[in-house]
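Structural overview for review
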Amino acid sequence: IAEAEAEQREQEKHGANQSETLLRWEREQMLLRENLITCNTEAWQSHPDFLGLQRIGGVDLSYIKEDDTVACASLVVLSYPELKVIYEDCHLVTINVPYVAGYLAFREVPVLVDAVQKLLEKDPCLMPQVLFVDGNGILHHRGFGVACHLGILTDLPCIGVAKNLLQVDGIENNDDHKEQIRELQSGGDFFNLTGSSGAILGAALKSCSKSSKPVYISVGHKISLETAVRLVHSCCQYRVPEPTRQADIRSREFLCKNRSQNI
């Protein structure tokens, strides 16, 4: 009985600590959100052909199957409009923060910020002018997803590009949503994601003509949704835009190579 009571006390203590952590994270999100900019801030963003845009970054984390605390953090920079990789950084990181839905940024953003800072110190001429993130921006339960978090901490324009719909503010993957997807005929077609509150939180984009599934775009920081949709479409040779696609490919290749070398 004493052992059971001790275990119960330990579980209660763990639950209390987790609740305190979530409250602290939520407060931090709200404080950072006060600095969020959801409109264009750079001259190239308003140009029809994005004149002046030369470098686009993509970030990704790939976890090893055996241990979700070890991952490869990847930052790639592509030339624009050629979409050729001009910088690549992949390295193993240890992730000590557990995954909690709605708080992914606290698990992944610190190592991604480190990757951007490393590039800034190593070769500032290759710094991206915008970052693509495999995740959400303001399309989030509290309007502040991983793309917003990363954008604020790096002070870079940031776009969230998710492969799956996050259902928030009455936006659902229901029959009406699926019918809207079917109506997307050509690459570049999209429809806005409007919540029950009336706020436009993102857009579903048919990124290329061959893709049957859309990607979900939302503003991260320092860019408008309209510009984000145009830019993402211009970077799509396949369903996923090339910056995040290359970051994902290279991080997975890095993990495979490391496993084969027993590193």
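Counting of residues starts from 1 at the beginning of each chain's written sequence and follows it residue by residue. The model is predicted, so local features are restricted to residues of pLDDT at least 70 and side-chain atom pairs to those at 80 or more, both for listing and for counting; the totals for chains, interfaces and linings are taken over all residues. Hydrogens and waters are ignored; side-chain quantities use all the structure's heavy atoms.

Going by what an unreviewed UniProt entry lists, the protein chain is known as Endonuclease V and is assigned to Xenopus tropicalis. UniProt positions are given in the numbering used here, feature names are shortened, and annotations may be inferred rather than shown by experiment. Its UniProt record, at the heading Subunit (unreviewed entry), says of the protein chain: "Monomer. Interacts with PABPC1; the interaction is RNA-dependent and stimulates ENDOV activity." UniProt, in its Cofactor (unreviewed entry) section for the protein chain, records the words "Mg(2+)".

Burial of nonpolar side chains together is a common tendency in soluble globular proteins. With 26 residues, the main nonpolar core has I159, I217 and L231 as its most contacted residues. Strands are runs of DSSP state E lasting at least 2 residues, helices are runs of H or I lasting at least 4, and numbering of each runs from the N terminus. Only strand 2 (67-79), strand 4 (130-133), strand 5 (158-162), strand 7 (200-205), strand 8 (215-221) and helix 5 (225-234) provide two or more residues apiece to this core. In terms of residue count, the dominant contributor to this core is helix 5 (5 residues). Throughout, nonpolar core names a set of buried Ala, Val, Leu, Ile, Met, Phe, Trp, Tyr and Cys residues whose side chains join them through atoms within 4.5 Å. Relative accessible area decides the class of each residue, using a 1.4 Å probe on protein chains only: under 20% of the type maximum gives buried, over 50% gives exposed, and in between gives partly exposed. Ranked by size, the runner-up nonpolar core spans 25 residues in total, among them V59, L119, M127 and L156.

This part covers the pairing of strand 6 (residues 190-194). Where strand 6 and strand 7 come together, 5 bridges link them in antiparallel fashion. Within strand 7, the position partnered with F191 by the bridge is A204. Once strand 6 ends, the chain turns through 5 residues before running back antiparallel as strand 7, passing G198 with a positive phi of about 95 degrees. Here, a strand pair is defined by DSSP locating no fewer than two bridges between the strands.

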